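Overview (structure and organization)
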Amino acid sequence: MERNREGMRRVGQRLMGPGAIALMGLALASVPSQRAVRAAAPPPVPAAPTPEVLREVFHNGEAGFVVTEIAYALGPDAKGSGSCPAGMSRGIRDLIKAYKDSPDGQRRTDEAEQAYERRVGMAVHAGAGGQNLCMHPELAGPDPLWRMVSGADVRVDGIDLDGQDSAPGKRPAAGTCGHQDFQGTHGERGIDNQFYRVVGCVPGFQSTGQANGWQTEMYTGSWGILISLKGVDDLRNDPDVQVGIYANADPIQLSAARAALPYATYAIDQDPRFRAVAHGRIVDGVLTIDPVDIRLHNIVNSMKDERVLRDARLRLTFTADGGMEGFLAGYTPVDDMYNLQFGSRQSRTAKGDLAPERIRIQVSQGREDAFGHTCTGVYHALQQAADGLRDPATGRCTGISTQYRIRIAPAFVVDTPTKSVNAPLAAR
Amino acid sequence: MRRLTESQYRATIADVFAPDVPIAGRFERAQRADGLIAVGSSVGGMSAFGFEQYDASARGIAAEVTGEKRRAQFVPCQPKSANAFDAACATKFVDTYGLKLFRRPLARDERARFVGVAKAAQARLGGFYQGLEYALVGMLQSPHFLLRMERTEPDPQHRGALRLDAWSKATRLSYFLTNSTPDAELLRAAGAGELDTDQGLARQVDRLIASPKLEAAVRAFFWDMLQFDGFNDLFKDPVIYPAYNSSVARDAQEQTLRTIVSLLVTERGDYRDLFTTRKTWLTRPLGIVYRMPVATRNGWEQAEYPAYSNRSGILTDISMLALHSHPGRSSATLRGKSLREVFLCQHVPDPPANVNFTAVDQVSRPGSTARMRLAEHNDNPVCAGCHKLTDPIGLTLENFDGSGGFRAKENGAELDLKGMLDGATFAGAPGLGQTMHDNPNVPICLVDKLYRSAVGREVVDAEGPYLDYLATTFGASGYRVPELMRAIALSKTFYAVALPAVPAKTQTAAAARKGDRS
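Residues numbered from 1 in each chain as written. Chains lettered and ligands numbered in written order. Predicted model: local features only at pLDDT ≥ 70, side-chain atom pairs only at ≥ 80, totals over all residues. Heavy atoms only, no water.

1. Quick word on the overall build of chain B
Secondary structure summary: chain B contains 24 helices and 11 strands in total. Principal axes of the C-alpha set define a box for chain B whose edges measure 85 × 50 × 45 Å. In chain B, the share of contacts with a sequence separation of at least 24, taken over all contacts with a separation of at least 6, comes to 66%. Side chains of chain B give 63 positive and 57 negative charges; the mean places of these two sets differ by 5 Å. (Helix = DSSP H or I, 4+ residues; strand = E, 2+ residues; numbered from the N terminus. Contact = heavy atoms within 4.5 Å. Lys, Arg positive; Asp, Glu negative; His and termini not counted. Charge placed at Lys NZ, Arg CZ, Asp CG, Glu CD.)

Here it is, written out as structure tokens:
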């Protein structure tokens, strides 16, 4: 315990500089960094934690965190921003309406309501061979009425994944394909967020839409994310930090108001596929990491998928409560993104079996209805916008840049087997 | 006469039948007298609601014990006929459970009455086991079960004096050292007259002190002494203390009791070390408030408060800090008051009815601390008198908020944690713990409370020298609580007949008039 205390004192001193512990918060908030100087207007740095808070967060240069908020980092809504000058993408409801307005889509005189709706459903959801198009989106061609974000001055915050300010016609960075980068709200350049480009003109992905609320299941304890820091000697500038990103094996702990509680203990998922460790650094109080592949759980409607990020990066800064906030970004394999967010082609049950197709279709079509897209439209748009994980054999990119905005709270991260008291019930 | 407490009732049913026999009824709020439920159990009444609940429990227990599923486990014989009443088997059942529940053999008329109930119930309901069920319900509703009725007999060594009979001795001893009903060996020793000899009594006392059940007795005593029944009424504002919930409230009590049992029973440690030890037990819900890691997902693990945590001893456990605080703020006054009353056996008067709390209620004033607010409040000399007793102690715990969580500052202001107790000055919780550890009145108070808990009544003046002797014995043992319990259990004072009692095989005039159908 004394060692912990000494380690924390050391961290505090290096963070604030000798004799300047009390000014630590001001130092973090006010000293401009080299990177910030380059930018036209640096993003505001959150209020820094006090030494008392840091003493509770860091022990021997180590700290743990639990993700308390995560959502796709998307740009401004289409309305009023000019991000979708050609209008919104056509969704499944538009298709249904168009079909019903067509001569073939008219209800026949002797046709029962249920039979009519089934016929309409087949017409819009099934391919030529009768296969469901959410399960087989490749059977249809690209949707000419799919709209992507194309406004000239759309600002989106996030991380520069490929290390350059990419633009059409410009030589793409190694392993990537040509695309247009975004500019951050404070003038940062080179932000890769092709996922936003694909979904930014879909109603469900606007700020009032339902598509970005998938962290709800995290709050039910279905899945979670842990982050650990090790080897931190200086919270302001430390060139050598180990950063772990793991799936959480325990349910998140909440208050009565369903807010995440800090300082709970969580265990790392024992499956090595859900553990990632990266080398990182802290520069002017901003934590970043070298690219690392990450795999996380995603559970919706009791069906399990995996949220994959290849060549993932973090950019986090401390907040006054001892937590951190910022971005987690990387390249999501296009098929994984489609399966995860749109068409549940690979969703599995709690036991690990492929979920019944009927349920997977219901969920996929339910998403079409709720979000306002079509499975085929988004599938081909994702393929078209893919900008990373370039396949050397085909030259095609198989991954799409994806940015998440996250907040993390102090927690104790332990590496120990853990299971629910209800595990025997789940195994039945 | 003492009413079984809730924990004694539950332990008794578990020992007589099985731990998984359900108890359906709820228990009345226990009455606390002079700081102890153990004393209140001698003077409290029983409401109609309370008896209804005993009835519900009795019916549930009897149905479980005689029901088809478990009767082979509990009924010691099988009826000879499915239809005819088997008096021998019914008598065996009544005798077996009469001895265990009444903690003495049944008198002839009692046995006949319960066997008669069994026979009448079988006649009405058609089954032998239904008959036994109703006989058992009757025993479980009887005051001879619900109340620990002690009986006396002429003391052969002191002509004209009375002494407790052996069964009453066994009962008093058992509930003191195990918090439950006498086990088979103790009942055997009582029946054999061994408890009336010093040697026989010592053998039983040593056996029970060495048994795992001593832990239950120590738990029950400290649960009572620390007034943990107060958690039933404890509320914390979830906006102010979001981590405090029902799991924390439950585990906080258990944490302190585990610490006590570990130190006093398992390690046979010094009672005074309870105020300085950093060893403790944690669960995950507690870990959130303490801001300590707890690897075990479901269950308990041993831990140690870090030296820098400012926690030391059970006074810095959530149980003590949260219980003696307000719903939305800490309370130096309540903490100081409880410490004096619980651990020093001192009485602090309640505040006068017309006191003005305005100054202390303004808790969110920027830059203000409890010490500042109390100083304003104590401008009133009517208040200052009692606050001088409580606040200098309680203010040393001010870096723990109303839920027991640590805080370095209050409203942005540094905390002045200096304090004083009985002339000793110190700072912060570790200083308070050490001061309590060194305060000679702390072990004396424990002796007083443990003895009063054992006998279930207030101490009379004549017992003063005896308590002094116990305190000396306690100190000589290195303040080992099991040794103190042993000394009490072996003393003649413990078995002294202090209250009017009904001699064995006699009836009060009132009972005789009513025909005592209990």
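After that view, the rundown keeps rolling.
2. Thoughts on the state of the cysteines
Within this structure, the stated rule accounts for five disulfides over all chains. Linked covalently through their sulfurs, A:C134 and A:C375 form a disulfide whose S-S length is 2.0 Å. Since a negative S-S torsion denotes a left-handed disulfide, the A:C134-A:C375 link at about 80 degrees is right-handed. Here A:C134 is found in the loop between α6 (113-125) and α7 (194-199), whereas its partner A:C375 is found in helix α11 (residues 375-385), with 241 residues between them in sequence. Judged by its relative accessible area of 1%, A:C134 is buried. By relative accessible area, A:C375 is classed as buried at 1%. In this model B:C77 forms its disulfide with B:C89; the gap between the sulfur atoms is 2.0 Å. Because the sign of the S-S torsion sets the handedness, a value of about 100 degrees for the bond joining B:C77 and B:C89 places this disulfide among the right-handed ones. Of this pair, B:C77 sits in the loop between α4 (71-74) and α5 (87-102) while B:C89 sits in helix α5, placing them 12 residues apart in sequence. With respect to class, B:C77 is no different from B:C89; both count as buried. (Disulfide = S-S within 2.5 Å. Buried < 20%, exposed > 50% of the residue type's maximum accessible area, 1.4 Å probe, protein only.)

3. Considering the domain arrangement of chain B
All names here are of chain B. Domain boundaries assigned for chain B yield domain 1 (2-148), domain 2 (159-211), domain 3 (221-438) and domain 4 (445-513). Measuring from the centre of the C-alpha atoms in domain 1 to the corresponding centre in domain 2 gives 23 Å. Opposite the 13 residues of domain 1 that make contact, domain 2 presents nine residues. Summing both partners gives a buried area of about 930 Å² for domain 1 against domain 2, and 59% of it is carried by carbon and sulfur. When the buried area of domain 1 at its contact with domain 2 is split by residue, Q8, R103 and R148 rank highest and sum to 47% of it. If you look at where domain 1 meets domain 2, you find zero salt bridges. Run the count over domain 1 and domain 2 and you get seven residue pairs in polar contact (both at pLDDT 80 or more). Within the residue set of the side of domain 1 that touches domain 2, elements represented by two or more residues are α1 (6-16) and α5. The element best represented in the side of domain 1 that touches domain 2 is α1, accounting for six residues. Its residues placed into classes, the side of domain 1 that touches domain 2 shows five nonpolar, three polar and five charged. (Domains from an automatic or database assignment. Buried area = accessible area lost by both parts, 1.4 Å probe. Salt bridge = Lys/Arg side-chain N within 4 Å of Asp/Glu carboxyl O. Polar contact = N/O pair within 3.5 Å; in protein donor to acceptor, adjacent residues only side chain to side chain. Nonpolar A, V, L, I, M, F, W, Y, C, P; charged D, E, K, R; others polar.)

4. Brief notes about the packing of aromatic side chains
A complete count under the given rule lists 37 aromatic pairs over all chains for this structure. Centre to centre, the rings of B:F17 and B:Y97 are 5.0 Å apart; their planes meet at 25 degrees, and the pair counts as stacked. In this pair, B:F17 sits in the loop between α1 and α2 (37-40) while B:Y97 sits in helix α5, placing the two residues 80 residues apart along the sequence. Using a relative accessible area of 9% as the deciding quantity, one classes B:F17 as buried. For B:Y97, a relative accessible area of 4% puts it in the buried group. Arranged with centres 5.0 Å apart and planes meeting at 55 degrees, the rings of B:F93 and B:Y97 form a pair that is tilted. Linking B:F93 with B:Y97, this pair stays in helix α5, spanning four residues, or about one helical turn. Taken together, the ring pairs in this structure connect A:Y72, A:F195, A:F205, A:W214, A:W223, A:Y338, A:F342, A:F371, A:Y379 and A:Y404 into an aromatic cluster. Between the NZ or CZ atom of A:R307 and the centre of the ring of A:W214, over which it lies, the distance is 3.7 Å. Against the face of B:Y129 rests B:R71, its NZ or CZ located 3.8 Å from the ring centre. (Phe/Tyr/Trp six-rings, centres within 6.5 Å; stacked < 30°, edge-to-face > 60°. Lys NZ or Arg CZ within 6 Å of the ring centre and 35° of its normal.)

5. Quick notes on a nonpolar patch on the surface
A cluster of nonpolar side chains, namely B:V117, B:L125 and B:Y134, defines an oily patch on the protein surface of about 240 Å² accessible area. The residue B:Y134 is located in helix α7 (residues 128-141) in this model. (Patch = residues over 30% accessible without salt bridge, like charges linked within 9 Å, V, L, I, M, F, W, Y side chains within 5 Å. Areas by Shrake-Rupley, 256 points an atom, 1.4 Å probe, with all protein chains shown as cover.)

6. Description of the domain arrangement of chain A
Residues and elements named next belong to chain A. Examined at the domain level, chain A breaks down into domain 1 (62-84 + 144-417) and domain 2 (92-139). Distance from the C-alpha centre of domain 1 to the C-alpha centre of domain 2: 34 Å. Between domain 1 and domain 2, the residue contacts involve 17 residues of the former and 10 residues of the latter. Taken together, both faces of the contact between domain 1 and domain 2 bury some 1200 Å²; the carbon and sulfur share is 61%.

7. Considering the side chain of B:Q8
Residue and element names in this part refer to chain B. Examined against the element boundaries, Q8 turns out to sit in helix α1. One polar contact links the side chain of Q8 to the main-chain amide nitrogen of T5, over a distance of 3.0 Å. Not counting chain neighbours up to four residues away, the residues in contact with Q8 comprise R3, R148, Y175 and N179.

8. Quick notes on the interface of chain B and chain A
The interface is formed by 20 residues belonging to chain B together with 27 residues belonging to chain A. At the boundary of chain B with chain A, total buried surface from both sides reaches about 2000 Å², with 62% on carbon and sulfur atoms. Looking at the side of chain B facing chain A, the largest losses of area belong to B:R291, B:R297 and B:Y308, adding up to 38% of the total buried there. At the surface where chain B touches chain A, the tally comes to three salt bridges. At the boundary of chain B with chain A, the tally comes to six residue pairs in polar contact (both at pLDDT 80 or more). At three residues, the largest contribution of residues to the side of chain B that touches chain A is made by helix α14 (residues 284-290) of chain B.

9. Considerations on the pairing of strand β2 (residues 225-230) of chain A
Moving residue by residue along a regular strand, the side chains alternate between the two faces of the sheet. All names here are of chain A. With five of six residues buried, β2 is to be regarded as a mostly interior element. Alignment of strand β1 (residues 63-72) against β2, held across four bridges, turns out to be antiparallel. Bridge assignment links F65 to a residue of β2, and that residue is I227. One ladder, built from six bridges, connects β2 with strand β3 (residues 238-247); its direction is antiparallel. Note that in β3 the partner of I225 across the bridge is A247. (Pairing = 2+ DSSP bridges.)

10. Observations regarding helix α22 (residues 464-476) of chain B
All names here are of chain B. End to end, α22 covers 18 Å across 13 residues, agreeing with the expected 18 Å (1.5 Å per residue, within 8%). Turning to α22, its buried residues are Y466, L467, L470 and F474. For α22, the angular spread of buried residues about the axis comes to 95 degrees, placing them on one side. Exposed positions of α22 whose direction lies more than 90 degrees from the buried face are P465, D468, T472 and A476. (Expected span 1.5 Å × (residues − 1). Arc of directions from axis to C-beta.)

11. A few points about the confidence of the model for chain B
Residue and element names in this part refer to chain B. For chain B, per-residue confidence averages 91 on the pLDDT scale, and residues scoring 70 or more make up 95% of the total. In the predicted structure, residues 501-518 sits below a pLDDT of 50 and forms 20 contacts with residues beyond four places in sequence or in another chain. Across the interface, the model reports ipTM at 0.85; the global pTM reads 0.87. (pLDDT = per-residue confidence, 0-100.)

12. Quick look at the pattern of salt bridges
All told, the structure shown has 58 salt bridges over all chains when counted by the stated rule. The shortest N-O distance in the salt bridge between A:R93 and A:D369 comes to 2.9 Å. Linking A:R93 in helix α5 (residues 92-101) with A:D369 in helix α10 (residues 357-372), this pair joins segments that are 276 residues apart in sequence. Among the residues examined, A:D369 registers a relative accessible area of 37% and is labelled partly exposed. As a salt-bridge pair, B:D229 and B:R32 come within 2.4 Å of each other at their nearest N and O atoms. On the criterion of sequence distance, the pair formed by B:D229 in the loop between α12 (214-225) and α13 (246-266) and B:R32 in the loop between α1 and α2 is long-range, its members being 197 residues apart. B:R32 sits in the partly exposed class, given a relative accessible area of 24%. One salt-bridge network, held together by shared partners, links A:D271, A:R273, A:R295 and A:E306.

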